[in-house]
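# Survey of secondary and tertiary structure
One-letter residues, chain by chain:
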Amino acid sequence: MSTAFYSHSDCRRHDMGPGHPECPQRLDAIDDHLLKHGLLDVVERREAPLAELADLGRAHESHYVVELQDLLERVAERGEHCALDPDTMAGPGTWRAVLRAAGAAVAATDAVLDGAVENAFCSVRPPGHHATRDAAMGFCFLNNVAVAARHALDVRGLERVAIVDFDVHHGNGTEDIIANDERVLMVSFFQHPLYPYSGGVPKGTNMVNLPVPPYTRGPEIRDLIEAHWMPRLEAFRPQMLFVSAGFDAHRDDDLGQLGLVEADYEWITRRLKAVAERHAQGRIVSCLEGGYNLGALARSVAAHLRVLAGV
Ligand SMILES: [Zn+2]
């Protein structure tokens, strides 16, 4: 069984301006590194399709989807730029990138559920885990992982899915969408306090939030995962795992102050894969979130992908 690798050149055409850390070069850095180390040869490369509007409505308010489409199509037609929040900018390429990112997550879910591949990684941007039911924020427009999880539940008929978020920032958008949806268990750790300054108190009983102080390092994170994520995941017996794969908890990443290294991402992925193999026929869909030091991002994605692909 193989690993699918979803991406699309449209994801590079979303540009938030000079100096913005969530830049198109992130995907180039990943591709270059994977290519150099032969990893693109061991995955099944697939083009991300555009998401259908109906897919988006399973995680977002319909008025938000309509308003976002109107705004981003207008921005594209006029060749303009516009700020949705102080650090989330749209430009002419944004709407198609947004649809490719969500479309990748949905297509990856279908490919995994159809048994075409065992698991999948979506190398896409913009990221999604800060996008709430009705707002873009924190570099995110649509919540790719939540859209995919709801697709698995509402369209493909799964009864239980897990969302795992290891980005350095709290996945407030995902929590906003799936809190108290008892078909979903969300487990995460995140630096606290740090943007978006939420998550200290979980919004639902289906959330396992692990806020950690700055300078927490890999060994402590592994202990917390073993003590708090694993028993809940084992008890929940998810039929599929979705991963908000942010790599900005890396010690070289300037957007956070945690101390993870490549070996920690490898370890986390192994633990998740074990859960998936026990309960979910190995089914994992992982979507890129943060990760802004280009070298650390590329090496960490490679560590994650090696475990997914079993090489
Ligand atoms: Zn982040």
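Please refer to the structure placed before this passage.
The following paragraphs examine the structure supplied in this document.

Thresholds applied
Residues numbered from 1 in each chain as written. Predicted model: local features only at pLDDT ≥ 70, side-chain atom pairs only at ≥ 80, totals over all residues. Heavy atoms only, no water. Helix = DSSP H or I, 4+ residues; strand = E, 2+ residues; numbered from the N terminus. Rg over C-alpha atoms; globule rule 2.2 N^0.38 Å. Contact = heavy atoms within 4.5 Å. Lys, Arg positive; Asp, Glu negative; His and termini not counted. Charge placed at Lys NZ, Arg CZ, Asp CG, Glu CD. Patch = residues over 30% accessible without salt bridge, like charges linked within 9 Å, V, L, I, M, F, W, Y side chains within 5 Å. Areas by Shrake-Rupley, 256 points an atom, 1.4 Å probe, with all protein chains shown as cover. Salt bridge = Lys/Arg side-chain N within 4 Å of Asp/Glu carboxyl O. Buried < 20%, exposed > 50% of the residue type's maximum accessible area, 1.4 Å probe, protein only. Phe/Tyr/Trp six-rings, centres within 6.5 Å; stacked < 30°, edge-to-face > 60°. Disulfide = S-S within 2.5 Å. Donors = N, O, S within 2.8 Å, 3.2 Å for Na, K, Ca; no water.

Moving on to the overall build of the chain. Across its full length, the chain carries nine helices and ten strands. Rg of the C-alpha trace for the chain: 17 Å, near the compact-globule value of 19 Å for 311 residues, within the 12% margin. Each of the three principal axes of the chain carries a C-alpha extent, and together these read 50 × 40 × 40 Å. Taking the contacts inside the chain whose residues are at least 6 apart along the sequence as the reference set, 75% of them involve residues at least 24 apart. The chain carries 30 positive and 44 negative side-chain charges, and their two centres are separated by 4 Å.

Moving on, we come to a negative patch on the surface. A surface patch of negative charge is lined by Glu61, Glu67, Asp70, Glu73, Glu77 and Asp134. The residue Glu67 is located in helix H3 (residues 62–78) in this model. Given a relative accessible area of 46%, Glu67 falls into the partly exposed group.

Here we take up the packing of aromatic side chains. According to the stated counting rule, one finds six aromatic pairs in the structure shown. Taking 5.7 Å as the distance between ring centres and 90 degrees as the angle between the ring planes, the aromatic pair formed by Phe139 and Tyr292 counts as edge-to-face. Of this pair, Phe139 sits in the loop between strand E5 (119–122) and helix H5 (144–155) while Tyr292 sits in the loop between strand E10 (284–288) and helix H9 (294–309), and the two are 153 residues apart along the sequence. Relative accessible area serves as the criterion here: at 13%, Tyr292 is assigned to the buried category. For the ring pair Phe166 and Phe247, a centre distance of 5.5 Å and an interplane angle of 65 degrees mean the geometry is edge-to-face. Taken together, the residues span a long stretch of sequence, with Phe166 in the loop between strand E6 (161–165) and helix H6 (172–178) and Phe247 in the loop between strand E9 (241–245) and helix H8 (262–279) at a distance of 81 residues. Here Phe166 and Phe247 have matching classes, each one buried. Taken together, Phe166, Phe247 and Tyr265 form an aromatic cluster joined through their ring pairs.

We now examine the state of the cysteines. Any covalent bond linking the sulfur atoms of two cysteines counts as a disulfide. By the definition in use, this model includes zero disulfides. Here Cys287 is not cross-linked by a disulfide; its sulfur's nearest cysteine counterpart is in Cys122, at 4.0 Å. By relative accessible area, Cys287 is classed as buried at 1%.

We now examine the coordination of the zinc ion. Here the zinc ion is held by Asp167 (OD), Asp167 (OD), His169 (ND1) and Asp248 (OD), and the distances to it run 1.9 to 2.8 Å. On the accessibility criterion, Asp167 (1% relative accessible area) is buried.

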